[in-house]
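Analysis of the macromolecular model
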Amino acid sequence: MENQRLPSFRQETAWEPSWINVEAELVRVAQPRKTNLSELKTIKEFKQAELRPQVSEPDGQMGVIPANTQLQTALSVTLGSETQAAHVELSISTSNDTIIRAILIFAEGIFEGESHVVHPSAQHLTGRIRVPISPPKDVPVDLHIKAFVGYKSSVQFHVFELTRQLPRFSMYVLSNPATAPEPVSHVTFTINERVQRVVLWLNQNFLLPEDTEVQSAPFQICFTSLRDSGTLLLNMKPNGEITLRTDDIDLAGDIIQSMASFLAIEDLPVEANFPKYFDHLRKVLVQVDDSHSVHQKLTADMADQSNLIRSMLVQAEDARLMRDIWQT
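Residues numbered from 1 in each chain as written. Predicted model: local features only at pLDDT ≥ 70, side-chain atom pairs only at ≥ 80, totals over all residues. Heavy atoms only, no water.

Before going further, it helps to examine the packing of helix α3 (residues 195–205) against helix α4 (residues 249–262). Relative to each other, α3 and α4 sit at 120 degrees, their axes nearing to 11 Å. Taken together, the axes of α3 and α4 are oblique relative to one another. Both α3 and α4 take part in a crossing whose hand is right-handed. Listed contacts from α4 to Arg197, Leu200, Trp201, Gln204 and Asn205 of α3 are Ile255, Ser258, Met259 and Phe262. Residues belonging to the contact of α3 with α4 are distributed by class as follows: 5 nonpolar, 3 polar and 1 charged. (Axes fitted to C-alpha atoms, helices over the stretch in contact; angles between N-to-C directions. Helix = DSSP H or I, 4+ residues; strand = E, 2+ residues; numbered from the N terminus. Parallel < 35°, antiparallel > 145°, perpendicular 65-115°, else oblique. Left-handed = near helix turned anticlockwise from the far one by under 90°. Contact = heavy atoms within 4.5 Å. Nonpolar A, V, L, I, M, F, W, Y, C, P; charged D, E, K, R; others polar.)

See below:
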């Protein structure tokens, strides 16, 4: 009987086919190439959008818009109508045929919840959206705007972000001083500044239809409040004397504070005359004097009554000791 050699077996704890290692290596090498191809494809899409004036429908759906697309903003004063009160209008538009799908505005102290969203329906999509703004106080406010821009068929949109400052006295519209009622109250002060500096302050703090160009004093400018239709007159003489006419004492203080801060004035003597407020103050002081007189009279009466009660207590104690209950 011939001897047969039995096959030998070797036990391996971890065995991996060699083709798995090769495949992993190929994936590792191909991954950077895939990333580069994706970047090249994106650059190609933007180059094509920049070269052609119109964007095709498939590209519009992917959110591709012309590279020169810009978001433009403008602020203006609207006097209002029978159905809408006077307000400041913020106009947001694009520079081409793209549309604005939605707008998100963040502003402190203007909107309820500190934010405002405008989302037109699909039938009213355009490249311009107007937002009415009515600031309750005369303070400068930064409007942080986010706009979603694309095409009507787009399912993806580009987000434009920008910040626009609302001037401090934006709720005052330029008016004709000949037709506006002249206020009876005024404030007078003198500054050592050029007229151009005052005009620059006006352009930065008021919404003027166009930049006011004043070469020399004297000059006069008139505004009307959108809140209460009050008149604001500002006159400047060649010697630097400024007369501010308004019946709103808070507005006068805000304007003086704003102008002094802009011109870096630390000490500014002011002469003010507000007859209505002074009359009201006199009435209040008269009421205070009357109240003080009544208080003194009541105090004196209380002292007399206290002395009477003290003497009656002494008499009552004597009557108790003498057991004289009929003593008065």
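The rest of the description comes next.
Bringing the sheet that holds strand β9 (residues 186–190) into the picture now. With antiparallel pairing, the 6 strands of this open sheet are ordered in space as β8-β10-β11-β12-β9-β13. Of all the strands in the sheet, just β8 (172–174) and β13 (271–273) have a single pairing partner and so form its edges. Averaged over all pairs of adjacent strands, the angle between strand axes in this sheet comes to 20 degrees, irrespective of strand direction. When strand β10 (residues 219–225) meets strand β11 (residues 231–236), the two strands line up antiparallel, connected through 6 bridges. Across the sheet, Thr224 pairs through a bridge with Thr231, a residue of β11. The sheet contacts of α4 involve β8, β9, β11 and β12 (241–245), and relative to β9 the element is tilted by about 15 degrees. (Pairing = 2+ DSSP bridges.)

What follows is about unusual backbone geometry. With a phi close to 65 degrees, Glu114 is a non-glycine residue in the positive phi region. When you line up the elements, Glu114 lands in the loop between β3 (99–106) and β4 (115–118). The backbone phi angle of Ala264 is positive, close to 60 degrees, even though this residue is not glycine. Within the secondary structure, Ala264 sits in the loop between α4 and β13.

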